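Observations on the model geometry
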Amino acid sequence: MKDFIQAEFLNHLDITSNSLKLMLDGIQTSADMLKNCLANGGKILICGNGGSAADSQHFAAELTGRYKKERQALPAIALSVDTSALTAIGNDYGFGLIFSRQVEALAQKNDIVFGISTSGNSENVINAFHAAKTKGCKTIALSGRDGGSMKSLCDTNMIVPSHDTARIQEIHILVIHILCDILEREASK
């Protein structure tokens, strides 16, 4: 069992090292976009499915609460938390529109729609990006594999270079924490 545990740690470190090389510019670009959004009175609308929905909620909670230190609350909404909206939209319009309908209702021009998908091909996240563009919002993706369909739809896509969903999700939460730290430092100035 120790060999398995060690192999998992080593695989994580290998993916982390490869990700750093390929994602550094995208993380910097995303951080700058998010800082500008908040500085201009915008909010961050975050969406994803399954584990990515949990990451969306985690991201929004760190921004509206605090990450490491006391500072003003930052406007962020996880679009996966309103079960009444999700089930009503899913029932009336289909699961593919659960996030885009919320973007249509809540997004303003200075906002960012931040989509998380390990495959980069989640239909409802892609539809949220389309809705964001019609509202004049910027879009940021956090994906894996080759970036999927989201790659060509967003302003920037931070792609974890792996096909292992667990490793992709581990890097996603690391990137989210890095972004939270940057935004918190900016808000504390």
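Cut-offs and rules
- Residues numbered from 1 in each chain as written.
- Predicted model: local features only at pLDDT ≥ 70, side-chain atom pairs only at ≥ 80, totals over all residues.
- Heavy atoms only, no water.
- Helix = DSSP H or I, 4+ residues; strand = E, 2+ residues; numbered from the N terminus.
- Buried < 20%, exposed > 50% of the residue type's maximum accessible area, 1.4 Å probe, protein only.
- Axes fitted to C-alpha atoms, helices over the stretch in contact; angles between N-to-C directions.
- Parallel < 35°, antiparallel > 145°, perpendicular 65-115°, else oblique.
- Left-handed = near helix turned anticlockwise from the far one by under 90°.
- Contact = heavy atoms within 4.5 Å.
- Nonpolar A, V, L, I, M, F, W, Y, C, P; charged D, E, K, R; others polar.
- Expected span 1.5 Å × (residues − 1).
- Bend = angle between axes of the 7 residues up to and from the residue.
- Salt bridge = Lys/Arg side-chain N within 4 Å of Asp/Glu carboxyl O.
- Pairing = 2+ DSSP bridges.
- Right-handed = clockwise from strand over helix to strand, strands pointing away.

Now for the environment of Lys2. Among the secondary structure elements, Lys2 is positioned in helix α1 (residues 2–39). On the basis of relative accessibility, which here comes to 72%, the residue Lys2 falls in the exposed class. In sequence terms Lys2 and Ile178 are 176 residues apart; their C-alpha atoms lie 30 Å from each other.

Across the interface, helix α2 (residues 51–64) lies against helix α6 (residues 165–187) with an axial gap of 10 Å and an inter-helix angle of 15°. When the axes of α2 and α6 are compared, the pair comes out roughly parallel. The two elements α2 and α6 cross, and the hand of that crossing is right-handed. Within the contact between the two elements, α2 uses Gly51, Ser52, Asp55, His58, Phe59, Glu62 and Leu63 and α6 uses Gln169, His172, Ile173, Ile176, His177, Leu179, Cys180 and Leu183. Counted by class, the contact of α2 with α6 contains 7 nonpolar, 6 polar and 2 charged residues.

Quick look at α1 now. Across its 38 residues, α1 extends only 48 Å between first and last C-alpha, which sits more than 12% below the 56 Å expected from 1.5 Å per residue. Considering bend angle alone, the principal kink of α1 is centred on Met23 and spans about 60°. Every buried residue of α1 is accounted for by Ile15, Ser19, Met23, Gly26, Ile27, Ser30, Ala31, Met33, Leu34, Cys37 and Leu38. Residues of α1 that are buried in the fold lie against β1 (44–47), α2, β3 (112–117), β4 (138–144), β5 (156–160) and α6. Following α1 by one or two positions, Gly41 has its phi on the positive side, about 80°.

So, about the pattern of salt bridges. Here the structure, examined in full by the defined rule, presents 11 salt bridges. Taking the shortest distance from any N to any O, the salt bridge between Asp181 and Lys68 comes out at 3.4 Å. In this pair, Asp181 is assigned in helix α6 and Lys68 in the loop between α2 and β2 (76–78), connecting sequence segments 113 residues apart. A relative accessible area of 15% places Asp181 in the buried class. Taking the relative accessible area as the measure of exposure, Lys68 reaches 58% and is therefore exposed. For the salt bridge of Arg101 with Glu104, the shortest nitrogen-to-oxygen distance reads 3.6 Å. Residue Arg101 and its partner Glu104 are both found in helix α4 (residues 100–106); the two are separated by 3 residues, about one turn of the helix. Judged by its relative accessible area of 39%, Glu104 is partly exposed. One continuous salt-bridge network, built from bridges that share partners, spans Glu8, Asp164, Arg167 and Glu170.

Time to look at the pairing of β4. Judged by how many residues are buried, β4 sits mostly within the fold: 6 of 7 residues are covered. Relative to β4, β3 runs parallel, the two being bridged by 6 bridges. Its bridge partner being in β4, Ser117 is matched across the sheet by Ser143. A crossover connection joins β3 to the parallel β4 through helix α5 (residues 123–134); in handedness this β-α-β unit is right-handed.

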